[in-house]
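For reference, the chains in residue letters:
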Amino acid sequence: MKLFTTLLLAASTASSFAIAEEIVDPLKVTVTAKRITSSILTTPQAISILTSTDIEDAQFSSLSEALESMAGVYIQRFGGNGSQAKVYLRGTSSNHSIVLMDGRRLTSTNDGRAELENIPLDSIERIEVVRGGLSSKYGADAIGGVIQIFTKDFGSISDINKVSVTLGSQNTLKEKIELKRGDDSFESKIVIANEKTDGFDTHTSIVRGDNDDDGYKKQNIDVYLSKSLSDATTVNLDTGFWKGTNQYDYTDSNSWSNNETEYTTKYLSLGLKHTTSQFSVDSKLSRTENERLNKPADTRKTIIDTNEWNTSVNYSLSDTTNLHGGIDLRREYGSSTYGSGDYITKGFYVGAEHSINNLAIEGTVRHENHNQWGSTNTWSTGLNYNLSKTAAIFGSMKTAFSAPTFSDLDPVYGNTTLKPEDVKSAEVGFRTLLNRSLSTEIVFFKNDFKNLIQYSSGSMKNIAKATSEGAEVSIKQKWATADLSATYAFTKAQDANDTQLDERPMDNIVLSYNQEISSDFSINSSLNWINRLKTYGSNGHLPASTTINLGLTKRYSDSIKVAVKVDNVLDEEYQVAYDYNGRGRYFEATLSYSF
């Protein structure tokens, strides 16, 4: 095991001038959109947020389940939980979005995607999804947007510990221990979890599979520490270890049997935040080690080691003008059966925001250099006009890019002369935030892609062009004892020949409802409808699918709670990709004890 020798210097970003101190509602602020804490009502981009309460009420079993409930997010899972999962934002490719955990990149440069199936849900306190290009702030791969996972909520209720056990269909067993301790100067959180299931057969065709169930096992331990050195300065330490085994069906007619992926992830970060009324700095140094072995297909492990240093600075010139900027350095070493590489990325960005009465205007430029494919410049500009204290219209224009992956650049299997994929995008929208009772967001967007990497004449080349355009509508209504959420996304993604791109549904509706029957009993339900999905290998569109989930929660005391859920209540048969089954009816019950 390689020893961690890297320290992290980081912190949560400070409040910008645009957000008043009295705003504390977690559904009204965002960190991801601007890399500084800011009000959603001053942000010129579409944002979706899930809190730990939302995750618990909906009884999500995985990160993929949580993400696919959010507007504009489509998750393609090649089977059930534990199987490979890809995220598509606004019709972009699965390697066109960045996934962050507390600011640390989880997106792999080996194939350009984050392994959502391996990210534990147990530690998550909050998820922010910012849709639309963000390369001007985050650099390569933020074409579709940025998904940021926050694992700690320091400053909230401390000294609450929890133990839970879950039993489910397919011999599913989940065990979790969460320990929280803290006071005004020191807080800690430790999460230990174990999960396993026999799964189900993901393939409908014996030719493409090995006619057996495809289960998984995973374990994780995560530790988060925070120490206040003064009223303005805090240091953080995060570390963790994940490991697991995912079984899968090989997608070749010459399929092997007993196919499985073994993986481990180790990470360490240490950080410092300093905040005053006018100035804040966030500097982070982190190391992540990933190992993966697909058996028996790969002849050696895939290894991705990433060292990062990220620093962002925010300075308020006045009550109406704010400056921000930052530096990002990243070194990634990767090796696999299909090649290896050692890449260094250097980037810096500067930006400004100015408000005039109800109008806020912002702009950001970024320069990024990569030792393999060279330099790229990106920019973004946006405006936000507050119609009232609770409603705003917004719009933005920007450029973004996605870097070639290790596989793309491999001298044997790829092309060392590849350049980044580029996109120009625009969006316009309207949102309301009425306390916690009602929030709405309507957005129209368009992306124009060029230099897309595609296989042609024996090698990978920058030759493809494409467009994606559409609309996203989301509504959240909260009553005294009930919550209703509804989202609809229409996405038209086409290549230069006006042919629909694979793996992007044109229509996606997600409905969820949570009702508190009494102070100790509640029910929840959700519906996910996918239509006009074209996947690789399918002849036209896959049949539309509708899955309905039901759940109930019963509290027997302040300490004891029982939650029961049934996914795919109607036991609908459907495919999540060509020749890949969706999971049938599934039962799960969880007993949790807090102390």
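Residues numbered from 1 in each chain as written. Predicted model: local features only at pLDDT ≥ 70, side-chain atom pairs only at ≥ 80, totals over all residues. Heavy atoms only, no water.

Engineer: Hey, could you run me through the overall build of the chain in this one?
Structural biologist: A tally of regular secondary structure across the chain gives 4 helices and 35 strands. Expressed as a percentage of the 595 residues in the chain, the buried residues total 55%. For the chain, long-range pairs separated by at least 24 residues make up 59% of all intrachain contacts whose partners lie at least 6 apart in sequence. In the form shown here, the chain has an accessible surface area of approximately 25,300 Å², with 56% of it arising from carbon and sulfur atoms. (Helix = DSSP H or I, 4+ residues; strand = E, 2+ residues; numbered from the N terminus. Buried < 20%, exposed > 50% of the residue type's maximum accessible area, 1.4 Å probe, protein only. Contact = heavy atoms within 4.5 Å. Areas by Shrake-Rupley, 256 points an atom, 1.4 Å probe, with all protein chains shown as cover.)

Engineer: Is there a simple way to think about the pattern of salt bridges in this case?
Structural biologist: Between side chains of opposite charge, pairing is possible as soon as their charged atoms come close. Under the defined criterion, the tally for this structure stands at 37 salt bridges. The residue Lys 561 makes a salt bridge to Glu 56 at a minimum N-O spacing of 2.0 Å. Placement of the pair is Lys 561 in strand β32 (residues 560-567) and Glu 56 in helix α1 (residues 52-58), with a sequence separation of 505 residues. Classification of Lys 561 as buried rests on a relative accessible area of 11%. Of the charged contacts, one joins Asp 502 and Lys 534 as a salt bridge, the two residues approaching to 2.7 Å between their closest N and O atoms. In this pair, Asp 502 is assigned in the loop between β26 (482-495) and β27 (507-518) and Lys 534 in strand β29 (residues 533-534), connecting sequence segments 32 residues apart. Counted as one network, the salt bridges with shared partners bring together Arg 90, Arg 131, Lys 398, Glu 427, Arg 431, Glu 441 and Glu 472. (Salt bridge = Lys/Arg side-chain N within 4 Å of Asp/Glu carboxyl O.)

Engineer: It is not clear to me how the packing of aromatic side chains should be interpreted in this structure. Could you clarify?
Structural biologist: Each aromatic ring pair is summarised here by two numbers: the centre-to-centre distance and the angle between the ring planes. The final tally for this structure, using the stated rule, is 4 aromatic pairs. For the ring pair Trp 242 and Tyr 267, a centre distance of 5.9 Å and an interplane angle of 70° mean the geometry is edge-to-face. Note that Trp 242 is positioned in strand β14 (residues 233-247) and Tyr 267 in strand β15 (residues 260-275), a separation of 25 residues in sequence. Take Trp 242 and Tyr 267: they sit in the same class, and that class is buried. Taking 5.8 Å as the distance between ring centres and 20° as the angle between the ring planes, the aromatic pair formed by Tyr 593 and Phe 595 counts as stacked. Residue class for Tyr 593 comes out partly exposed when judged on its relative accessible area of 41%. (Phe/Tyr/Trp six-rings, centres within 6.5 Å; stacked < 30°, edge-to-face > 60°.)

Engineer: How do you make sense of unusual backbone geometry when you look at a structure like this?
Structural biologist: One can expect most non-glycine residues to show negative phi and most peptide bonds to be in trans. A positive phi is found at Asp 141, a non-glycine position, where the angle reads about 85°. Taking the relative accessible area as the measure of exposure, Asp 141 reaches 8% and is therefore buried. The phi dihedral of Asn 451 falls on the positive side, at around 60°, and the residue is not glycine. Assessed through its relative accessible area of 28%, Asn 451 is described here as partly exposed.

Engineer: Sorry, what's going on with the pairing of β26 here?
Structural biologist: In the case of a regular strand, side chains alternate between the two sheet surfaces. Here strand β25 (residues 459-478) runs beside β26; their pairing, made up of 13 bridges, is antiparallel. Each bridged residue has a counterpart across the sheet, and for Val 473 the counterpart in β26 is Tyr 488. The turn joining β25 and β26, which pair antiparallel and follow one another in sequence, is formed by 3 residues. Two strands pair when backbone bridges link them, and β26 and β27 are joined in this way by 9 bridges, in the antiparallel orientation. Across the sheet, Ser 485 pairs through a bridge with Ser 512, a residue of β27. (Pairing = 2+ DSSP bridges.)

Engineer: Sorry if this is basic, but what is going on with the side chain of Asn 236 here?
Structural biologist: Tracing the backbone through its elements, the reader meets Asn 236 in strand β14. Reaching out from Asn 236, the side chain makes a polar contact with the side chain of Ser 226 at a distance of 3.0 Å. (Polar contact = N/O pair within 3.5 Å; in protein donor to acceptor, adjacent residues only side chain to side chain.)

Engineer: Got a minute to help me understand the side chain of Gln 76 in this structure?
Structural biologist: You can see Gln 76 is positioned in strand β4 (residues 73-77). Judged by its relative accessible area of 1%, Gln 76 falls in the buried class. A distance of 2.4 Å separates the side chain of Gln 76 from the side chain of Glu 503, its partner in a polar contact. Once residues lying within four places of it in the same chain are set aside, the contact partners of Gln 76 are Gln 84, Ala 85, Lys 86, Tyr 88, Glu 503, Thr 535, Val 576 and Ala 577.

Engineer: Would you take a moment to explain a nonpolar patch on the surface for this structure?
Structural biologist: Taken together, the side chains of Val 163, Ile 177, Leu 179, Ile 192, Ile 221, Tyr 556, Ile 560, Leu 591, Tyr 593 and Phe 595 present a nonpolar region at the surface, about 870 Å² in accessible area. Put simply, the parts of the chain that give the nonpolar patch at least two residues each are β11 (172-182) and β35 (586-594). Take Ile 560: it is sitting in strand β32. Here Ile 560 falls in the partly exposed class, since its relative accessible area comes to 34%. (Patch = residues over 30% accessible without salt bridge, like charges linked within 9 Å, V, L, I, M, F, W, Y side chains within 5 Å.)

Engineer: Even after reading the chapter, I still don't get the environment of Leu 63, so can you show me in this structure?
Structural biologist: You can see Leu 63 is positioned in helix α2 (residues 63-67). The sequence separation of Leu 63 and Ile 124 amounts to 61 residues, and the corresponding C-alpha distance is 8.9 Å. Contact partners of Leu 63, with chain neighbours within four places excluded, come to Leu 116, Ile 119, Leu 121, Ile 124, Ile 127 and Ile 149.

Engineer: Before we go on, may I ask you to explain the environment of Ala 71 in this structure?
Structural biologist: Tracing the chain through its elements places Ala 71 in the loop between α2 and β4. With relative accessibility at 4%, the residue Ala 71 sits in the buried group. Setting aside its immediate chain neighbours within four residues, Ala 71 contacts Ser 48, Arg 131, Ser 474 and Thr 487.

Engineer: Got a minute to help me understand the nonpolar core in this structure?
Structural biologist: It is characteristic of soluble globular proteins that their nonpolar side chains tend to be buried jointly. If you look at the biggest cluster of nonpolar residues, it comprises 27 residues, and the most contacted ones within it are Leu 67, Leu 116, Ile 119 and Ile 127. Where this core is concerned, the elements lending two or more residues are α2, β4, β5 (85-89), β6 (97-101), β8 (126-131), β9 (145-150) and β15. Aside from chain neighbours lying at most four places away, what touches Leu 67 is Val 73, Ile 75, Leu 116, Ile 127, Val 129 and Ile 147. Counting 14 residues, the second largest nonpolar core, distinct from the first, contains Ile 40, Val 130, Val 146 and Leu 433. (Core = buried A, V, L, I, M, F, W, Y, C linked by side-chain atoms within 4.5 Å.)

Engineer: How do you make sense of the sheet that holds β8 when you look at a structure like this?
Structural biologist: Sheets are built from strands paired through backbone hydrogen bonds, the pairs being either parallel or antiparallel. Strand order in this open sheet of 5 strands is β3-β8-β9-β6-β7, and the pairing throughout is mixed. The open sheet has two free edges, formed respectively by β3 (46-51) and β7 (104-105), since each of these has just one partner strand. In terms of strand pairing, β8 meets β9 through 6 bridges, oriented antiparallel. Paired with Glu 128 across the bridge in β9 is Gln 148.

Engineer: Mind showing me how you'd approach the pairing of β32 here?
Structural biologist: Here 6 bridges tie strand β31 (residues 545-555) to β32, and the two strands are oriented antiparallel to one another. Pairing of Leu 550 across the sheet is with Val 566, part of β32. Count of turn residues in the β31/β32 antiparallel hairpin: 4 residues. Bridge count between β32 and β35: 8 bridges; the pairing is antiparallel. Paired with Lys 561 across the two strands is Ser 592, which belongs to β35.

Engineer: Even after reading the chapter, I still don't get the confidence of the model for the chain, so can you show me in this structure?
Structural biologist: In low-pLDDT segments, the atomic positions of the prediction should not be examined closely. Chain-level statistics for the chain give a pLDDT mean of 86 and a share of 89% at 70 or above. Across the chain, element-level confidence peaks in β32 with a mean pLDDT of 97 and bottoms out in helix α4 (residues 406-409) with 77. This stretch, residues 1-24, has a pLDDT under 50; its non-local contacts, to residues over four places away or in other chains, come to 82 contacts. (pLDDT = per-residue confidence, 0-100.)

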